[in-house]
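Observations on the model geometry
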Amino acid sequence: METKLLLIRHAVTSWHGQSRVLGQNDVPLDDAGVAQAKALAQALSQIRLSRIVASPLARAFQTAALLGERVGSEVTPDPRLTDMLVGEWEGMTYEELAKRDDYRNFIRDPISTIIPGGETIEEARDRALAAIADAESGAGGALAIVTHSDIVRLLLCHYLGVEAGRFLRFRVAVASVSAVSLNGTQAKVLGVNWTPAIEDAIFSSIM
């Protein structure tokens with residue numbers, strides 16, 4: 001049975017404007033984020049979704065709830081879809097991070113670098129894949145997964161057969177959709193980083 005998987009990154013929060021690392025901090029959408037999520041929901045309203053599963057963090061679950069409200073579908077939270085745990089880095093600005101050796105090492109070699117107090121990229125990828133496998137079981141049709149940028153990037157690497165350490169090469173904008181066709185062990189990436197406004201996908205500086 002073929003499943004069309006929609007990998008959706010949540011909409012924007014006030015922390016994005018501060019260039020701050022969210023990680024597993026539970027930061028809600030701001031007003032701009034709510035507007036983004038509603039625009040995305042409207043754009044996806046013609047798709048018949050068999051299920052919506054979301055990270056329980058507020059920014060993702062709110063995005064999913066607005067989509068669910070628009071298409072008439074309940075949202076199931078799954079903690080395995082939460083953002084990557086980045087330990088000591090959470091809440092820091094990217095300017096502060098750039099001064100740290102561990103962060104610079106991570107950018108160069110994200111597989112081998114240990115994030116202080118965090119998890120590995122493989123751990124984050126594997127828990128998300130397990131969540132999708134459970135959500136996909138018997139779903140068919142179109143399955144929406146509302147999660148976070150690093151999780152989407154890691155999943156795209158997996159479905160493309162690309163080494164996980166290259167995940168930072170993908171741009172995943174806020175309130176964007178990447179689509180994958182799953183059929184048994186076969187996966188085809190149908191599109192990456194689509195947004196209702198093309199300029200958001202290409203030109204936005206939001207991490």
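Model, not experiment: these values are computed from the prediction. (Residues numbered from 1 in each chain as written. Predicted model: local features only at pLDDT ≥ 70, side-chain atom pairs only at ≥ 80, totals over all residues. Heavy atoms only, no water.)

Remarks on the nonpolar core
Counting 35 residues, the largest nonpolar core has Leu-5, Leu-7, Ile-132, Ile-145, Leu-155 and Tyr-159 as its most contacted members. Counting residues per element, the ones that place at least two in this core are β1 (2–9), α5 (101–108), α6 (121–136), β4 (141–147), α7 (149–160) and β5 (177–183). In contact with Leu-5, other than residues within four places in its own chain, are Ile-132, Leu-143, Ile-145, Tyr-159, Ser-178, Ala-179, Val-180 and Leu-182. Formed by 22 residues, the second largest nonpolar core is a distinct cluster that contains Leu-29, Ile-52, Leu-67 and Val-177. (Core = buried A, V, L, I, M, F, W, Y, C linked by side-chain atoms within 4.5 Å. Buried < 20%, exposed > 50% of the residue type's maximum accessible area, 1.4 Å probe, protein only. Helix = DSSP H or I, 4+ residues; strand = E, 2+ residues; numbered from the N terminus. Contact = heavy atoms within 4.5 Å.)

Quick look at α5
Among the residues making up α5, those that are buried are Asp-102, Tyr-103 and Phe-106. Looking straight down α5, one finds that the buried residues subtend no more than 100° of arc, so they occupy a single side. Facing away from the buried side of α5 by more than 90 degrees, the exposed set consists of Asp-101 and Arg-108. Looking at the buried residues of α5, the elements they touch are α4 (94–97) and α6. (Arc of directions from axis to C-beta.)

A few points about the pairing of strand β6 (residues 186–194)
Summarising the sheet, β5 and β6 pair through 6 bridges and their orientation is antiparallel. Note that in β6 the partner of Val-177 across the bridge is Trp-194. Taking the residues that link successive antiparallel strands as the turn, the β5-β6 hairpin has 2 residues, and the phi of Gly-184 there is positive, at about 65°. (Pairing = 2+ DSSP bridges.)

A short note on the pairing of strand β2 (residues 49–54)
Alignment of β2 against β4, held across 5 bridges, turns out to be parallel. Of the residues in β4, the one forming a bridge with Leu-49 is Ala-142. Where β2 lies against strand β3 (residues 75–77), 3 bridges are found, and the strand directions are parallel. If you follow Ile-52 over to β3, its bridge partner there is Val-75.

Read these as layout, nothing more, since geometry by itself doesn't imply function.
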